[in-house]
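# Summary of the model geometry
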Amino acid sequence: MQSEPLVVPLVLNAHCLRPTIEQACTAASPTKLISWGLHEGDIASVLEAGVAMACEDGSVYLFCIDTATNLINPVPPILSPGSHTALFPLASHVSRDISPSPPPTIDFVARSRNTSQSNHVPHPLSQPTRSRITSFVSKASAEAPKNTVDYDNEKDKLEGMLKGGPSVRDKSIVDGLRVSNAVAGLGLHSEADGGSQRKNLRLSYPGSTPPTPTSRTPRDSLSSPSTPSSVSSPNLLATSAGQPFHVGVAPPLTLKSHVLPPNIGRENRAISLKRLSSGILLVLQESGMVTVISARSGFSLASVDLESTPHLHPPPSPSPSTFAATTADHSIWTWKHLHVSETPECTILLVAASDQASATSEGDVARTRVAILQLENPSPLLSSLDPSATTRDGVLHKVAEWLMEGASEGIGLLKDDDTLSTKLSYVTPPPASTLVIHDLQVVPPAYVVAAPVSLQPSPDALSSSSVNHAVAAVSLPNRLLPIPNPFKPKIQSDSSSPSSQRMPATVPGRVVLGPAMSFGQVPTLRSDTGQQGIQVWIMDGGCLRGILWGHSDFLVFETTASDTVARVLGEASHRGLTTVERVGSDMFVLAQARQMDIYRLVGAQQSEPSSLRNQRLEHMSSTAFTKPCSVATAIGTSLALSSRVRTDPTGLERLYLTYTPVIPVSKIRKGNRAREDKQRIKIAWSYSSKKRPTKEEGTIRRLTSVLPVEVDLIVLGFGDGTLGRSTLTNLLTGGWFPSDEKAIGVNGAITSLHSITNERSGEKLVIAGVDDGGISVWDLSTLTLRAQWTIFTVPLSTVISLEEEGVGRLRGCILCISEDGTLAVVAVDGLECLYLIPGSAARLIRICLGEDNLLLVYADGKARLWDVKTQEFWRAMTSKTVDELLSQGGWFEADVGHSKPSFRDTPLAPLKICFSSYDAASTLLLDIQNLSDLIHPIPPSQHFRDPRLPENTSTRTMDAKVDVSLPAKRTPHRLELLKSFAAALLSFGIDDLIDFICKEKLGVLPSIASVGISGTDLAATLLNPATPRAIWQISPEHTASRLLALVTVLRGFLAFDGTINAPLSRYSGLIFVEECEQYANQVITFYVAVLPDAVGSSWQAPSLSFLARYWLHTASDLRLAARALFGATANRLSDEDTIALVEFWQHELPCLQPDTEKQSSYSALALLIAGNVATERYAVLSTSTLTDIAKSIALYLHDEACPHRVLAIDLCSRGFDIWQHHVDAMEVLRALFSLSTSAEKERNVGPQARLSVLQIASSNTPLFMTTLSLDILHPRSVQQRKSIMQLVAFLIRKKPLVLHLNLPKLVEAVVKSLDPGSSGDREAVFDAATEILGQVVKTFPSVDFHMPSQRLCVGTSEGAVIMYDLKTATRLYVLEGHRKRLVGCSFSPDGRRLATVCLEEGIVRVWKVGSSLTSLFMPGAPPRQGHSGSDPFKTLNFNVGDEANMTVAATLEWVRFEWPDDRTARLKIRDNAFTFNT
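Residues numbered from 1 in each chain as written. Predicted model: local features only at pLDDT ≥ 70, side-chain atom pairs only at ≥ 80, totals over all residues. Heavy atoms only, no water.

## Let's talk about the overall build of the chain
- Regarding its fold elements, the chain presents 34 helices and 73 strands.
- Evaluated residue by residue, the chain yields a buried proportion of 58% over its 1478 residues.
- Contacts in the chain between residues far apart in sequence, at least 24 positions, make up 62% of those at least 6 positions apart.
- Summed over its atoms, the accessible surface of the chain is roughly 59500 Å², and 51% of this surface lies on carbon and sulfur atoms. (Helix = DSSP H or I, 4+ residues; strand = E, 2+ residues; numbered from the N terminus. Buried < 20%, exposed > 50% of the residue type's maximum accessible area, 1.4 Å probe, protein only. Contact = heavy atoms within 4.5 Å. Areas by Shrake-Rupley, 256 points an atom, 1.4 Å probe, with all protein chains shown as cover.)

In structure tokens form, the structure reads like this:
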């Protein structure tokens, strides 16, 4: 099972660098803008409303309404005794008393138990009435213009709103975990849940009874999304500046986060941005990357690169020429359009791309590449239990792909609201230009389309409920087909080269299309300048309506299946249309660069088909922007939100967002429109409005690139072309390095940094890319500029060092690759640029080197072969020819890189290699596992090795000096590293005592760095919290990620022994590490258990499914931290919430799934969460729930091909006493026995199984010994008996006390396995049995063996001695002389005497056990002792005082017999010795 890396982004917000998220936003170039919830006008929408802005580099900025820290980030409230609520003075934010009734107050559920004075919130009623009402009124609000708020009408409006309304149920901690099916397990809140703050708001009125909260059963809340409840309240809230504003009229915004998909920068422009009803954002980049983002938290849920995924077969069609297979041809695709259809089961995405060649060639028919994706429930995304699984392994799958003729603008998806089905629509190429519709269905993975489908259309095809598709049921493999590797085993290949860069294979698709239905010819635009876009939707009665637009005009049309040509309902012109938004079925919003217009269809009703031609398109309202905007979106029909750019006093251009009212056309006065709009414009968001820039700010050097060379050596690149060097501690705490500043640089901004080493001289160099396409080389030790060239037209992207054997003539050189694929070859010795190789329109994906050859392979399937000896182009070839050439051997493949972070020498890596934004350029990625390995104390004799490096990589000690070419300094002490990273992860300002401990006792000072969250494929979300408490109110994923990283780092303080005195801070001086451990434990306890109460009701509980990713992690600190946080979060659940949570996951358990999904990662995640919660809270769960969990565990244990056996083994060790009542416990034990002795090393289940067996043996010894004995005596096979004996030998070495009480039973089973009557079985188990008996005799003093006579004696806890003959594998006799536990027995050297001792009786007995005359006539009878009856030969008394009460464990160590001769014995009991004659 693979271990999921935990990577945390750290933004270096040094005061002298100022790389903040807000500054990066002001420099962004937006491409798309959408909003939601801004026009609804209630408190519920305020807390869930937001704005998303996509940019040229492919990133997305998320905004939310700025409702002041009192609403969004409340301080811990006061708890009244026996109450769970506290008053919150929201009503005092209203500027004036506008109602005769007392102002309402809003209370919310309090989570804090901290009632210290530092967190005290005064009750609003404790102030005089006048002062309370006017305390939040500023001069600006008192002198506000009359048209801002109409107070004459506002009073009547508010009186109507304050008549009461349903309240919202209290928020419990499970609301951070229990969500709708669309986001179950992620810990996400869907839009239907209403958010954390909204659920905690309740209106209360003095003198009136508050409404009763709406009740809802936990099961209902999990099985179906809840309906958001609104709160009847005045639509007046206070901004952060204290100014009141109307919720429905231009609310101010605040920047919440910056989402960076896996691929950003050049050629990754965000081309489309959609928001689903579940609160999920979909981003399409023109490079083919589709990213799924949570609109609420900014967390990146999933991503798919359409250019790197395997090609799929096209769906069968009655006309094979319509849909063709996507092949590795020579096309260059630009992805342009994203269409979405939401259904109850899943969301279907259609992504369309245009062929650049066909789009630019005159006379050629345009070609379109279409990909269909299925967006499933995002729950299994956060599970990494089986990264190779395909069934429900991720939230986003590509299910179909094909090529077709026609423009990409004419393709889309339709949703039939009546049948909840999805249709595919497209317009055929001219001159026909026919609108064609297909039913579209995604089939399960177990089915694959095998033949063309012939379907009969229903009379009313669009309104039919479903189509019975003739799908051939053919088994589809669980895993996608592997991407073939054309290299032979003898060929050298870089193992780090991403497989995604290979040419994708072709696998079956999962989409079935119904028959084609024609809906007539699409109308022609009046200007006939070409179609730019089309939107079609389904109307009542089976007709279609659509809007078609071109370069200068648009029209609205309607058509049915019986029409030959669609009917035009209206047509109008526009000026540079950017986006078209449809409101309902008859209203359209057209956004343009300088204005936004709203049109509406007016005329006859749809119930009168004969008068459809009487409808006309009416221009309802419009707004003119005073300045051209790059993007704009409509907020309802009354506001326009747009982006503008203006120049600040420093001369920098800054982006800001504005609201502009949409004015009815009838009220627009000619000549005064611009002036009126300018008066009504309101700024929605602006960085400069919060902090006015100064002239000095324009001179500050902006950080544009960062490169961690060592763990505490960071090289920085700046926008003025200079380099700097600093330590990590200085960057995290805001320090600076004046001695390392270099004022002399290059002409341009540094966009990327790369480090190389001259293998001949050992000199370390830094290769810097410049924004003008230049390359500069710097000496790392002195930061002096060594060489520079301006050879590219775009910035440098990747640097490849060629030092390996097999690279041929280019060994000792570096390959510098620009963002457009142009390649420069530079000799490291002499720093000479040898030659330049031009790029291609397609992306460079592979570089292969031979002796004198350089092969460059591009994404369009073409390749170019260059002769490096003559420096000439040799030939061009196709991908098939490339595979044939490489199969001949003798090639070395270099890793192209493609800007992916790499953790090699340090736990740090830059977020993005190439510059895309200021905040991304100043962000470092921290690998917590690598850091955990680095900070653990290592003995001086051992060396630190990065586990990611090959075995032959050179190592270095932790305290070794840095390279001699660098300034003389030592790698910082591990404790200093801990303090640096802990400072960045801690959140100061929440608890005074914890702050004091961190600063004064641990020496951890506050850091100016901010912490983000890493999503799938190393996508990052950079956050902008307003207060320390707001850090923990963002999302369950962020809480889980940050807490997990913090607790792992804090656990590093516990790893030091007591012999080290560590300098901690300038305040505390030196303290012993024992005290450091104590204080670290106190801080860990606070963040694990107390933090939710300190944060308050807006606390976002950690996502259990996120923590589940690290439950079985190989790094011990990370694994223990995840388990502690998981347990603390689960323990805070009430009984009701626990039942609801476990029952939700119960339906996804493996035992309840079909065979194709039993081993899916989603089912494993369900078992992990439900099983671990049940081990702690089993008493409140039903029998059926526990039975399903136990059956799932047994299912995984008995399945030899299951990749999740380690999970089942772990659950067995934690809760076997629970599961044994619901399954065959003995069979489960047998499965563990088999796994514990398994020779399979791939999954490493043996050690885990042995630990589980030890745990079960300690907690349920009777069942364990019964199963063990039965398997030894009656095995199913000889191999099983041999395996069991190996396990027994392991138990004797590791857990002898478990076997002590059942030792006689175990020994008898082993002895019987040596029965000479079954010679074959005896030979098979002889070695194992001999090893077991040897371990028993060596470990237990109550067992002894005499080799010459082959006699074995075993003392029992009842005082008897059992004698065995190993030659015949039989029990000879039993000697009964003691009445209490026998602690030791021993044969004399000649085997004729046996001494036994019982400490509790204080007696030593001597027995005759040699052969006698009696034994010849009575085999099996004990020898005569020389006395009558069964009395022993001798009985000796002794007194050892308190040693008589010695424990069993002590007797194993301190009781021994020695025989000086055949008749003299010496009994040793600890330090006492008793010698006697036998």
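## Some remarks on the packing of aromatic side chains
- For the coordinates displayed, the defined rule picks out 17 aromatic pairs.
- Centre to centre, the rings of F1144 and W1145 are 5.3 Å apart; their planes meet at 80 degrees, and the pair counts as edge-to-face. This pair shows no difference in class: F1144 is buried, exactly as W1145 is.
- Pairing F1474 with F1476 gives two aromatic rings, centres 5.5 Å apart and planes at 35 degrees, and the pair type is tilted. (Phe/Tyr/Trp six-rings, centres within 6.5 Å; stacked < 30°, edge-to-face > 60°.)

## Some remarks on the sheet that holds strand β71 (residues 1455–1461)
- Read from one edge to the other, the open sheet built from 3 strands follows the order β71-β72-β73, with strand pairing classed as antiparallel. Whereas interior strands pair on both sides, the edge strands pair on one side only; in this sheet they are β71 and β73 (1472–1477). On average, each strand axis in the sheet is inclined to that of its neighbour by 20 degrees, with strand direction left out of account.
- Where strand β72 (residues 1464–1469) lies against β73, 6 bridges are found, and the strand directions are antiparallel. If you follow A1465 over to β73, its bridge partner there is F1476. (Pairing = 2+ DSSP bridges. Axes fitted to C-alpha atoms, helices over the stretch in contact; angles between N-to-C directions.)

## Quick look at the nonpolar core
- Among the nonpolar cores identified, the biggest contains 161 residues, and F1053, Y1087, L1197, F1264 and L1268 are the most heavily contacted of them.
- Broken down by element, the residue count for this core peaks at 11 residues, all from helix α19 (residues 1073–1095).
- In contact with Y1087, not counting residues within four places along its chain, are L986, S987, I994, W1032, L1043 and L1046.
- If you look at the next biggest cluster of nonpolar residues, it comprises 37 residues, including I635, L641, L657 and W685. (Core = buried A, V, L, I, M, F, W, Y, C linked by side-chain atoms within 4.5 Å.)

## A few points about unusual backbone geometry
- Residue P431 is bonded to the preceding P430 through a cis peptide linkage, with omega at 10 degrees.
- For P431, the position within the fold is in the loop between β21 (421–427) and β22 (434–442).
- One non-glycine residue with positive phi stands out, namely D1017, at about 55 degrees.
- Along the polypeptide, D1017 turns up in the loop between β59 (1013–1014) and β60 (1020–1023).
- Assessed through its relative accessible area of 48%, D1017 is described here as partly exposed.

## A short note on the side chain of H1113
- As for its placement among the helices and strands, H1113 is situated in the loop between α20 (1104–1108) and α21 (1116–1131).
- Polar side-chain contacts of H1113 include one of 3.0 Å to the backbone nitrogen of A1115. (Polar contact = N/O pair within 3.5 Å; in protein donor to acceptor, adjacent residues only side chain to side chain.)

## Description of the sheet that holds strand β57 (residues 923–927)
- As summarised here, the arrangement of the 4 strands in space is β56-β57-β1-β58, forming an open sheet in which the pairing is antiparallel. Both outer strands of the open sheet, β56 (908–910) and β58 (1010–1011), are each paired with one neighbouring strand and no more.
- Pairing of β56 with β57, which is carried by 3 bridges, proceeds in the antiparallel orientation. Bridging from a neighbouring strand, P910 pairs with L924 of β57.
- The sheet strands contacting helix α15 (residues 928–935) are β1 (7–11) and β57, and the helix crosses β57 at an angle near 65 degrees.

## Some points on the environment of M53
- Mapping M53 onto the fold places it in strand β3 (residues 50–55).
- Here the alpha-carbon distance between M53 and L273, two residues 220 residues apart in the chain, equals 8.3 Å.

## Describing the packing of helix α28 (residues 1261–1273) against helix α29 (residues 1278–1294)
- Between α28 and α29, whose axes approach to 8 Å, the crossing angle comes to 140 degrees. Considered as vectors, α28 and α29 are oriented oblique to each other. Of the two elements, α28 crosses α29, and the hand of that crossing is left-handed. When α28 is examined against α29, the residues F1264, L1268, D1271, I1272 and L1273 are found in contact with a partner set consisting of Q1280, R1281, I1284, M1285, L1287, V1288 and L1291.
- A class-by-class count of the residues in the contact of α28 with α29 yields 9 nonpolar, 1 polar and 2 charged. (Parallel < 35°, antiparallel > 145°, perpendicular 65-115°, else oblique. Left-handed = near helix turned anticlockwise from the far one by under 90°. Nonpolar A, V, L, I, M, F, W, Y, C, P; charged D, E, K, R; others polar.)

## Quick notes on the pattern of salt bridges
- This model, assessed by the stated rule, comprises 34 salt bridges.
- The partner of E401 in a salt bridge is K398, and the shortest N-O contact between them spans 3.0 Å. With respect to class, E401 is no different from K398; both count as buried.
- For R1132, the salt bridge identified is with D1093, shortest N-O distance 3.1 Å. Of this pair, R1132 sits in the loop between α21 and α22 (1135–1146) while D1093 sits in helix α19; the two residues are 39 residues apart in sequence, bridging distant segments of the chain.
- Its relative accessible area of 25% is what places R1132 among the partly exposed residues.
- You can call D1093 buried: its relative accessible area is 5%.
- Among the ionic contacts, a cluster of salt bridges with common partners joins E307, R369, K398 and E401. (Salt bridge = Lys/Arg side-chain N within 4 Å of Asp/Glu carboxyl O.)

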